[in-house]
Amino acid sequence: MRYDVVVLGGALAGASAALLLRRKDPSLRVLILERGSEFDWKVGESTVEVSGYFLTRVLRLYDHLSREQLPKHGLRYWFHDGRVARLEEASETGARQLPRLPAFQLDRARLDEHALSQAAREGAELWRPAKAVDVVLPEERGSRDGLVRVEREGETLEVEAGWIVDASGRSAVVARKRGWIRPIEEHPISAVWARYRDVRDLDGPEAEPGPPLPSSRRLATNHFNGYGYWIWFIPLRGGETSVGAVWDRRLVEPRGTTSEERLRWFLEGNPLARLLVKGAAPVPGDLRSYANLPYRVERVAGRGWSLAGDAAGFLDPFYSPGIDQLAFTVAGAVELAVRSRTEEGAAEVAASLDEHNRLYRGYFDGLFHAIYRDKYHLMGDYDAMTAAFLIDTALYYFFVAIPLYKKGPERLLKPPFYDRYAAVPRALIGAYRRRLVSIARRKLRLGIYGDRNRGRRPGLMGFSLGLGAWIMLLHGLVRWGRLELANAWTYIARPRPLRAGMPGPIALPETAPDRPLAREAPAPTLAGRP
Ligand SMILES: Cc1cc2nc3c(=O)[nH]c(=O)nc-3n(C[C@H](O)[C@H](O)[C@H](O)COP(=O)(O)OP(=O)(O)OC[C@H]3O[C@@H](n4cnc5c(N)ncnc54)[C@H](O)[C@@H]3O)c2cc1C
C-alpha cells in the first residue's frame, strides 16, 4: 500500500496539513492516521493574530468559528497586592475597544473534529482509530519512500509514504524515538488546568470589575498574575471556562501533592481568581497537567519527512503562540512536501532542508531568548508586565501580523527570527526584556514588587494594523522609561517595603534566586476559603 503523503495525527496540525496538501495538489493521495476515536478537549485555547488569520483565511474555517466557537476580546491582565480584595480595586491592563482582527476562544475538540472532517470531505483518506507504531524514514531505509507501521482493527499494516508529516503532538513519533527531543532546562515551567462550570461572569449583573467598556471582559483571555506565575480564564462555548495556572518552578513552589491541590493553591491564593471561582465547580475528571512544558526538537525536516505542530517543539503558552507555531510548521511542511515532487537534484534538496532546519532553530531559539527567558520574574508586577506586554505585542504586529495581513499566506513560510540576520532583532528585543526582568528582580529584593498593582486602569485603545500598533508601542516605551527612572531613584532613596505584602500566593523554593526583604504574602490554606 502506498500513499503520496502519510500524516501521523489528525488533530489541528495533521488535519490542516492534509487539507492544504489536497488543496494545493488535488492529485495527491493523502492518508491521515488518527489514534483516538474522538478528540480530547485538551486546553481551552485562545487564538492570536497569526492563528486567527490561519484559521479564517488559510484554512477558511470562518463559518465554523463564527457558529461553533466564541469570539475573543483581546488579552486582559489583572494585578493585585496584599490590600486588593476586589476586582474593582485591582490594576487592570487591557484594551477598551473591540478587537480589530478576528480571534477566537476555542473548544479544541470541536475545532479538531471539524478540521478533520473537512480534510476528509476534501479528499484525504482517514484511518481512525489507527496508531502509527513505527516509522522508518527514507534516509534510514535507503529508499525514496518512507514506511509507516500502523495498528488498525487488531492488525499491523505497513504503508509506504512518498512524504511523512508527523503531526502527532507531544507524542512526537518521529523525533522521540530518535532522541531529538530536548527539554529546555533554562525555562522550567509547569501547568495544570481544568474546565469549570458557573465561573462568575465578568460582564454580568454581579460583576464589579470597574468602569464598563465597549469590549467584553468575559470574552477576553483573562490573566491573573503574580510573582512567577499566571492564571488563565478562557470562556468556552457552552458556558464552561477553561482555568489553568502556569508557573516557573525556580520562582514558585505551589503547595500540595496532587495537581488538583496545586491548582487550588493558585486559585485560592490569588484574591481575584478566588472571587471568580467562588461557587464554581470543576468538571469531574477534567484536570490535566504537564510537569514540564517546553521542549525543542533538533531536526524538523529531512528528505521525505517533516514535523508540524507540537511534534516540532513547544515553548510556552503565555501570549498563546501554540497555533501560530502550528501555522508556520504546517505551511513549511506542505511547501516541502509539494516541492519535493517537482524538484530535481538531491544535493539542492538536501541543502534546502539543512537551511530550513537551521532557520527553524533560529525561530524557536529566537523566540525563547528574545521573549520568554526569565519572563516569569516580571509576571506579577503591573508596571513591568504592562510595559513588556505593550512592546512585545507591538513588535509582533510590526514584524509578524502586519506583514501577514498585507502580503498574504506566503509570509507563513517566514516565522519571526527565521532569517539569517535575526541575531540583531533577537539581541535588541532580548535587551529590553532583560532590563525589565532585572528591574522586577530588584523590586522584589526591595520588597516593592507590585507597588502599583492597585487601582491602575490605563485607557488603552488596542492594537490595529494601522496607527494603533504605533500608539501602543509608544505607551509601552513611555512605561519602560518611567520604570527605569523609578528604579534609578531607588539607588538614591531606598524605598520602604510594601506594608501589606506583595502579590500572592508567594512560596519561594529553597533555591529561589531573589528573596524579598518584605514579609511574604500569606500563603493560602488548601482548604476552601469563605
Ligand atoms: C497549558 C497549555 C495551554 C495552551 N494554550 C494555548 C492557547 O491559548 N493558544 C494556542 O494557540 N495554543 C495553546 N497551546 C498549545 C496548543 O495546545 C498546541 O500547540 C496544539 O494543540 C498543537 O496541536 P497539534 O495538532 O500539533 O497536536 P495535538 O493537538 O496534541 O494532536 C496530536 C494528535 O496526534 C494523535 N496521535 C498521537 N500519537 C499518534 C500516533 N502514534 N498515531 C496516530 N495518531 C497519533 C493524537 O491522538 C492527537 O489527536 C497550549 C498548550 C498548553 C500545554
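This text follows the structure it describes.
Structure report, in brief.

1. Observations regarding the overall build of the protein chain
Looking only at helices and strands, the protein chain has 13 helices and 22 strands in total. The globule rule puts the C-alpha radius of gyration for 530 residues at 24 Å, and the 23 Å found for the protein chain is close to it. For the C-alpha atoms alone, the extent of the protein chain along its principal axes is close to 70 × 50 × 45 Å. For the protein chain, buried positions account for 60% of its 530 residues. Within the protein chain, contacts between residues at least 6 apart in sequence are counted, and of these 78% link residues at least 24 apart. Carbon and sulfur atoms make up 52% of the accessible area of the protein chain, which amounts to about 21,400 Å² in all. Each charge class in the protein chain was averaged separately, 78 positive and 64 negative side chains, and the resulting centres sit 6 Å apart.

2. Description of the pairing of strand 13 (residues 189-197)
Across the 9 residues of strand 13, 8 count as buried, placing the element largely inside the fold. In this structure, strand 13 lies alongside strand 16 (residues 241-248), joined through 8 bridges in antiparallel fashion. Looking at the pairing, V192 lines up with A245 of strand 16. Pairing geometry for strand 13 and strand 18 (residues 288-290), over 3 bridges, is antiparallel. Directly across from V192, in strand 18, lies its bridge partner S289. Pairing of strand 13 with strand 17 (residues 281-282), which is carried by 2 bridges, proceeds in the antiparallel orientation. Within strand 17, the position partnered with Y196 by the bridge is P282.

3. Thoughts on the nonpolar core
Ranked by size, the top nonpolar core spans 177 residues in total, and within it L33, F54, I231 and F233 carry the most contacts. Broken down by element, this core gets its largest block of residues, 18 residues, from helix 11 (residues 382-407). Excluding residues that lie within four positions of it along the chain, I231 makes contacts with N222, H223, F224, V243, G244, A245, F266, L267, N270 and A273.

4. Structural notes on the sheet that holds strand 4 (residues 70-71)
With respect to topology, 3 strands assemble into an open sheet ordered 3-7-4, the strand pairing being antiparallel. Only two strands of the sheet have a single partner each, and these edge strands are strand 3 (45-46) and strand 4. Strand direction decides the pairing type here: strand 4 and strand 7 (residues 104-106), joined by 2 bridges, are antiparallel. Of the residues in strand 7, the one forming a bridge with L70 is Q105.

5. Notes on the environment of T490
Tracing the chain through its elements places T490 in helix 13 (residues 467-492). Considered as a pair, T490 and R442 are 48 residues apart in the sequence and their alpha carbons are 9.4 Å apart. Contacts of T490, omitting those with residues within four sequence positions, involve R442, L446, I448 and P495. A polar contact of 2.5 Å, which involves the side chain of T490, links it to the backbone oxygen of N487.

6. Brief notes about the packing of helix 11 against helix 13
Where helix 11 contacts helix 13, the two axes come as close as 8 Å, and the packing angle between them is 145°. Note that helix 11 runs across helix 13; the crossing there is left-handed. Residues Y382, D383, A384, T386, A387, L390, I391, A394, Y397 and F398 of helix 11 lie in contact with helix 13, whose contacting residues are A469, W470, M472, L473, H475, G476, L477, R479, W480 and L483. A breakdown of the residues in the contact of helix 11 with helix 13 according to their chemical character gives 15 nonpolar, 3 polar and 2 charged.

7. Some thoughts on helix 7 (residues 259-269)
Residues of helix 7 that are buried: L263, W265, F266, L267, E268 and G269. Residues of helix 7 that are buried make contact with strand 13, strand 15 (229-235), strand 16 and helix 8 (271-277).

8. What about the site of the ligand?
Taken together, 33 residues form the shell around the ligand, and within it E34, E45, R108, D310 and I323 come nearest. Between the ligand and K42 there is a distance of 3.0 Å, counted from an oxygen atom to a side-chain nitrogen or oxygen. Contact between the ligand and I323: an oxygen atom at 2.8 Å from a main-chain N or O atom of the residue. Alone, the ligand offers 1,000 Å² of accessible surface; in the complex the protein occludes 93% of this. For the shell around the ligand, the secondary structure elements donating two or more residues are helix 1 (12-24), strand 3, strand 9 (131-136) and helix 9 (322-342). A per-element tally of the shell around the ligand places helix 9 first, with 3 residues. Looking at the shell around the ligand, its residues break down into 18 nonpolar, 8 polar and 7 charged.

9. What about the packing of aromatic side chains?
For the structure on display, the rule yields 27 aromatic pairs. Between W247 and F266 the ring centres are 5.1 Å apart and the planes differ by 40°, which places this aromatic pair in the tilted class. On the criterion of sequence distance, the pair formed by W247 in strand 16 and F266 in helix 7 is long-range, its members being 19 residues apart. F266 carries the same exposure label as W247, and that label is buried. Ring centres 5.1 Å apart and planes at 75° place the aromatic pair W265 and F266 in the edge-to-face group. A residue is classified by how much of its surface remains accessible, and W265, at 0% relative accessible area, is buried. Overall, F266 belongs to the buried group, its relative accessible area being 0%. The rings of Y77, W193, W230, W232, Y290, F318, Y319, Y372, F389, Y396, Y397 and F463 are connected pair by pair, giving a single aromatic cluster. The ring of F39 is capped by R128, whose NZ or CZ atom sits 4.6 Å from the centre of that ring. Over the ring of Y290 we find R170; its NZ or CZ atom is 4.0 Å from the centre of that ring.

10. Quick look at the side chain of T393
Tracing the backbone through its elements, the reader meets T393 in helix 11. Setting aside its immediate chain neighbours within four residues, T393 contacts A388 and F463.

11. Observations regarding the pattern of salt bridges
According to the stated counting rule, one finds 41 salt bridges in the structure shown. Residues R108 and E45 are paired through a salt bridge, measuring 3.1 Å at the closest nitrogen-oxygen approach. Here R108, found in helix 4 (residues 108-121), pairs with E45, found in strand 3; they are 63 residues apart in sequence, far enough to count as distant. Among the ionic pairs, R339 bridges to E335, the shortest N-O distance being 3.9 Å. Residue R339 and its partner E335 are both found in helix 9; the two are separated by 4 residues, about one turn of the helix. Among the ionic contacts, a cluster of salt bridges with common partners joins R2, D4, D25, D145 and R341.

Reading the values: the criteria
- Residues numbered from 1 in each chain as written.
- Predicted model: local features only at pLDDT ≥ 70, side-chain atom pairs only at ≥ 80, totals over all residues.
- Heavy atoms only, no water.
- Helix = DSSP H or I, 4+ residues; strand = E, 2+ residues; numbered from the N terminus.
- Rg over C-alpha atoms; globule rule 2.2 N^0.38 Å.
- Buried < 20%, exposed > 50% of the residue type's maximum accessible area, 1.4 Å probe, protein only.
- Contact = heavy atoms within 4.5 Å.
- Areas by Shrake-Rupley, 256 points an atom, 1.4 Å probe, with all protein chains shown as cover.
- Lys, Arg positive; Asp, Glu negative; His and termini not counted.
- Charge placed at Lys NZ, Arg CZ, Asp CG, Glu CD.
- Pairing = 2+ DSSP bridges.
- Core = buried A, V, L, I, M, F, W, Y, C linked by side-chain atoms within 4.5 Å.
- Polar contact = N/O pair within 3.5 Å; in protein donor to acceptor, adjacent residues only side chain to side chain.
- Axes fitted to C-alpha atoms, helices over the stretch in contact; angles between N-to-C directions.
- Left-handed = near helix turned anticlockwise from the far one by under 90°.
- Nonpolar A, V, L, I, M, F, W, Y, C, P; charged D, E, K, R; others polar.
- Near = heavy atom within 4 Å.
- Phe/Tyr/Trp six-rings, centres within 6.5 Å; stacked < 30°, edge-to-face > 60°.
- Lys NZ or Arg CZ within 6 Å of the ring centre and 35° of its normal.
- Salt bridge = Lys/Arg side-chain N within 4 Å of Asp/Glu carboxyl O.

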